[in-house]
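So the chains spell out like this:
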Amino acid sequence: MTEKKECITQSQIRLTGAICLNHIKYADMKVLPNEHGYAKVSVLVDRDVSERIKRADLSQPVKILAEDKVLFCGVVQNVSWHFEGQAVHLEVELASLSILLDCRKKKKSFQNSKMTFGSIIKNVINGEHPGEVSVYAEDFQIEAPVYQFQETDWQFIRRMVAGLGSCVYPDVADSHLSIAIGMKNTAQTITIDSADYDFGVSGDYFSEEKLYAMVDKSLFIFYRIESYENLQIGQKVIFRNRNMSILEKSMFLKGAQLIFRYKLGNEKSCFLNRYSNPLLSGMAVSGKVLAAKNQLLKIHLDMDENQKEEEAYWYEWVPETGNVMYCMPQKGTRVQLYFPSEKENSAIAISCIRENGEECSHMSNTDNKYFANESGKQFCLKESELGFMNDSKENSLIEDDKTGLKITGKQEITMISGEKIEWKANKIVLNTPVEIKMIRG
């Protein structure tokens, strides 16, 4: 235990907000890197107070105070009652306000490659549950689109933080939703003296990835100490002649005194390694073509409410047929964006989805295959017919299983051969309303 200075006592602790209570019998709190903060308090109340709490609006935040200083602010996760005669043991479990970001899974793309990871995180947190983001980590551009796919805002934020190679903490003492990316550089470094402490090496160091990369073990050395002082995550400290930061924080009542427990270590040991969303692998997302050039497309994906053309990404167009029947999609047509792997930069535009069934009613039968361009030139492959034609069928070459080969032309039909042209049949009929000319040149 560090030297006793100003100690928070049990009588100073109370609850306000959705639940207002004094005389706290038990209090516990824990704040870890890259996780929501959690707290639990227990109070002995009479039955009238218990009934009042049952009728309270528990959707509002609850604060744990020491006098007027906020120790924890969160939303109610669970309330339980234990009855002993007229007395009731009431237990309240809270989660930090960051839990509001972890409720609903969403789909969204961020195609503007000039955006930074930090600006994307701010965009996300200003959505359904507006809040504040403090970015203390080095920020840089994403360079390629990123996708929130079947992830909650919190899960997506964690993955973006991993892209920065940093960590994320909820601000558990703030009355509003607030998170920090990276460790805040405190202006003052404090020296901690304690004869009682725990020492260890983080289990992350012993992962195959870290051992193979020969990562410096000193980065994963940590100490655990207890103190009466209420210090903040990220506080720079000197302990046993080592410069460290507070990485984890918890508190608990010991007798009538509130004790704080801290994990001290190198902030890099909390940083997340970059990882992908495995749900992307094999997925195809539909969208509308905004622009096309060369073999590239800009796409407004269906999962996005809005997409500015100037901010859309140029995706490579790779049709499933390769260059056998190559046809570049036009603006306004629909395509699919396919992810052959879970890596976000693997996305390619593939099949063009035809939605002009009313205009092309002859293509409504899926047994009939057509390849057509915008000028009306067509190649057809049917069950009993194969041919080339224009849209009006004034010029065509059709092979029909029933009627045979038929060549039709509104203009001249010319047959030219460097050798001979030979016709063989049981019967040859030449019919014209004007004349037939056969000239030997």
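Residues numbered from 1 in each chain as written. Predicted model: local features only at pLDDT ≥ 70, side-chain atom pairs only at ≥ 80, totals over all residues. Heavy atoms only, no water.

## Overview of the layout of surface pockets
A water-sized probe rolled over the atoms picks out the places where empty space is left. The criterion, for reference: Using a grid of 1 Å spacing that covers the protein atoms alone, one calls a set of points a cavity when a 1.4 Å probe fits there but cannot get out, and a pocket when the set is open and has protein on both sides within 12 Å along at least five of seven lines; lining residues are those with an atom within 4 Å of a point. Grid points are joined across faces, edges and corners, and a volume is the space filled by probe spheres set on the points. Here the term charged refers only to Asp, Glu, Lys and Arg, the term nonpolar to Ala, Val, Leu, Ile, Met, Phe, Trp, Tyr, Cys and Pro, and the term polar to all other amino acids, Gly among them.
Estimates place the volume of the second largest pocket at around 940 Å³. If you trace the second largest pocket, you find 17 residues lining it, with Ile407, Ile413, Met415, Trp423 and Leu430 closest to the centre. A breakdown of the residues in the lining of the second largest pocket according to their chemical character gives 10 nonpolar, four polar and three charged.

## Here we look at the packing of helix H2 (residues 117–125) against helix H3 (residues 153–164)
Short version of the rule: Convention adopted: a line fitted to C-alpha atoms gives each axis, helices being fitted over their contacting stretch, and angles between N-to-C directions are expressed from 0 to 180 degrees. Per the convention used, a helix needs a DSSP run of H or I reaching at least four residues, while a strand needs a run of E reaching at least two, with both numbered from the N terminus. Should an angle fall under 35 degrees it is called roughly parallel, over 145 degrees roughly antiparallel, and 65 to 115 degrees roughly perpendicular, with every other angle called oblique. Any two residues whose heavy atoms approach within 4.5 Å are treated as being in contact.
Their axes nearest at 9 Å, the elements H2 and H3 cross at an angle of 170°. Considered as vectors, H2 and H3 are oriented roughly antiparallel to each other. For the pair H2 and H3, contact is made by Phe117, Ile120, Ile121 and Val124 and by Asp153, Phe156, Ile157, Met160, Val161, Gly163 and Leu164, respectively. Per-class residue counts for the contact of H2 with H3 are nine nonpolar, one polar and one charged.

## Side note on a nonpolar patch on the surface
The condition that has to hold: To count toward a patch, a residue needs a relative accessible area above 30% and no salt bridge. Like charges then connect within 9 Å, nonpolar side chains (Val, Leu, Ile, Met, Phe, Trp, Tyr) within 5 Å. Throughout, the Shrake-Rupley method with a 1.4 Å probe supplies accessible areas, and for residues the shown protein chains are the sole cover considered. Put simply, a salt bridge is a Lys or Arg side-chain nitrogen that is within 4 Å of an Asp or Glu carboxyl oxygen.
On the surface, a cluster of nonpolar side chains totalling about 1,300 Å² of accessible area is made up of Phe388, Leu397, Leu405, Ile407, Ile413, Met415, Ile421, Trp423, Ile428, Leu430, Ile436 and Met438. With respect to the secondary-structure elements, Ile428 resides in the segment after strand S27 (404–408).

## Notes on the sheet that holds S27
Cut-off, in case you're wondering: Strands qualify as paired when DSSP identifies two bridges or more between them.
Spatially, five strands are ordered S23-S24-S25-S26-S27 in an open sheet, and the strand pairing comes out antiparallel. At either margin of the open sheet sits one strand with a lone partner, and together these are strand S23 (369–372) and S27. The average undirected angle you get between the axes of adjacent strands in this sheet is 5°. Note that strand S24 (residues 378–381) and strand S25 (residues 385–389) share four bridges and pair antiparallel. Bridged to Gln378 within S25 is Met389.

## Describing empty space enclosed by the protein
Across all of its chains, the model carries one cavity of 30 Å³ or more by this definition. Here the residues of the lining of the largest cavity sort into five nonpolar, four polar and two charged.

## Structural notes on the state of the cysteines
As a reminder, the rule being used: The definition used for a disulfide is geometric: two cysteine sulfur atoms within 2.5 Å.
Inspection of every chain in the model, using the stated rule, returns zero disulfides. The thiol of Cys103 is unpaired, and the distance to the nearest cysteine sulfur, on Cys73, comes to 15 Å. Distance from the sulfur of Cys167, which forms no disulfide, to the nearest cysteine sulfur (Cys270) is 5.7 Å.

## Focus on the packing of aromatic side chains
What describes a pair of aromatic rings is the distance from one ring centre to the other and the angle between the planes of the rings. This is how the line gets drawn: Between 30 and 60 degrees the pair is tilted, below 30 it is stacked and above 60 it is edge-to-face, where a pair is any two Phe, Tyr or Trp rings, Trp via its six-membered ring, whose centres lie within 6.5 Å. Buried means the residue's accessible area, taken with a 1.4 Å probe over protein chains only, is under 20% of the maximum for its type, while exposed means over 50%, and partly exposed covers the values in between. Put simply, a charge is over a ring when the Lys NZ or the Arg CZ is close to the ring centre, within 6 Å, and near the line of the ring normal, within 35 degrees.
Using the criterion set out here, one finds 10 aromatic pairs in the structure. Plain terms: the ring middles of Tyr147 and Phe339 are 5.0 Å apart, the flat faces sit at 85° to each other, and that makes the pair edge-to-face. With a gap of 192 residues between them, Tyr147 in strand S9 (residues 146–151) and Phe339 in the loop between strand S21 (334–338) and strand S22 (348–353) connect regions that are remote in the sequence. Of the two residues, Tyr147 and Phe339, neither departs from the other in class, the shared state being buried. Members of the aromatic cluster, joined through ring pairs, are Tyr197, Phe199, Tyr223 and Phe239. Above the plane of the ring of Trp81 lies Lys54, whose end atom (NZ or CZ) is 5.5 Å from the centre. A cation over a ring is seen here: Lys263 above Phe222, with NZ or CZ 4.6 Å from the ring centre.

## A closer look at the confidence of the model for the protein chain
Detailed reading of the predicted coordinates is not advisable wherever pLDDT falls low. Keep this limit in mind: Per residue, pLDDT captures the predictor's confidence, and it can take any value from 0 to 100.
The share of residues in the protein chain with pLDDT of 70 or more is 91%, and the mean pLDDT across the chain is 87. The secondary-structure element of the protein chain with the lowest mean pLDDT is helix H4 (residues 208–212), recorded at 56, while S9 shows the highest, at 97.

## Structural notes on the environment of Thr152
As a reminder of what qualifies: Here a polar contact means two N or O atoms within 3.5 Å. Within protein one must be a hydrogen donor candidate and the other an acceptor candidate, and residues neighboring in sequence count only if both atoms are side-chain atoms.
Inspection of the secondary structure puts Thr152 in the loop between S9 and H3. Between the C-alpha atom of Thr152 and that of Lys107, which follows or precedes it by 45 residues, the distance is 8.9 Å. Contact partners of Thr152, with chain neighbours within four places excluded, come to Leu101, Asp102, Cys103, Arg104 and Lys105. Polar contacts involving the side chain of Thr152 include one to the side chain of Asp102, which spans 2.6 Å.

## Examining the pattern of salt bridges
When charged atoms on two side chains of opposite charge get close, those side chains can pair. Taken as a whole, this structure holds 14 salt bridges when the rule is applied. Notably, a salt bridge pairs Glu128 with Lys106, separated by 3.0 Å at the nearest N-O pair. Of the two residues, Glu128 is situated in the loop between H2 and strand S8 (132–135) and Lys106 in strand S7 (residues 106–110); the sequence distance between them amounts to 22 residues. The class of Lys106 is buried, set by a relative accessible area of 16%. When the shortest N-O distance is used, the salt bridge between Lys236 and Glu267 registers 2.8 Å.

## Comments concerning the side chain of Glu248
Its place among the elements puts Glu248 in strand S16 (residues 242–254). Here Arg224 takes part through its side chain, which lies 3.4 Å from a polar atom of the side chain of Glu248. Those residues in contact with Glu248 that sit more than four places away from it in its chain are Val31, Leu32, Pro33, Arg224, Ile233, Arg261, Tyr262 and Lys263.

## So, helix H1 (residues 47–54)
The criterion, for reference: Directions from the helix axis toward the C-beta atoms define the arc.
Residues Val49, Ser50 and Ile53 constitute the buried set of H1. An end-on view of H1 places all buried positions within 105° of arc, on one side of the element.

## Focus on H2
Quick reminder: α-helices carry 3.6 residues per turn. Residues three or four places apart thus point the same way. For H2, every residue scored as buried is listed here: Phe117, Gly118, Ile120, Ile121, Val124 and Ile125. For H2, the angular spread of buried residues about the axis comes to 160°, placing them on one side. Buried residues in H2 make contact with S7, S8, S9, H3 and strand S11 (178–181).

## Looking at the environment of Cys167
By the secondary structure assignment, Cys167 is in the loop between H3 and strand S10 (168–170). With 16 residues separating them in the primary sequence, Cys167 and Glu151 have C-alpha atoms 18 Å apart. In contact with Cys167, not counting residues within four places along its chain, are Asn34, Val161, Ala180, Ile181, Gly182, Cys270 and Phe271.

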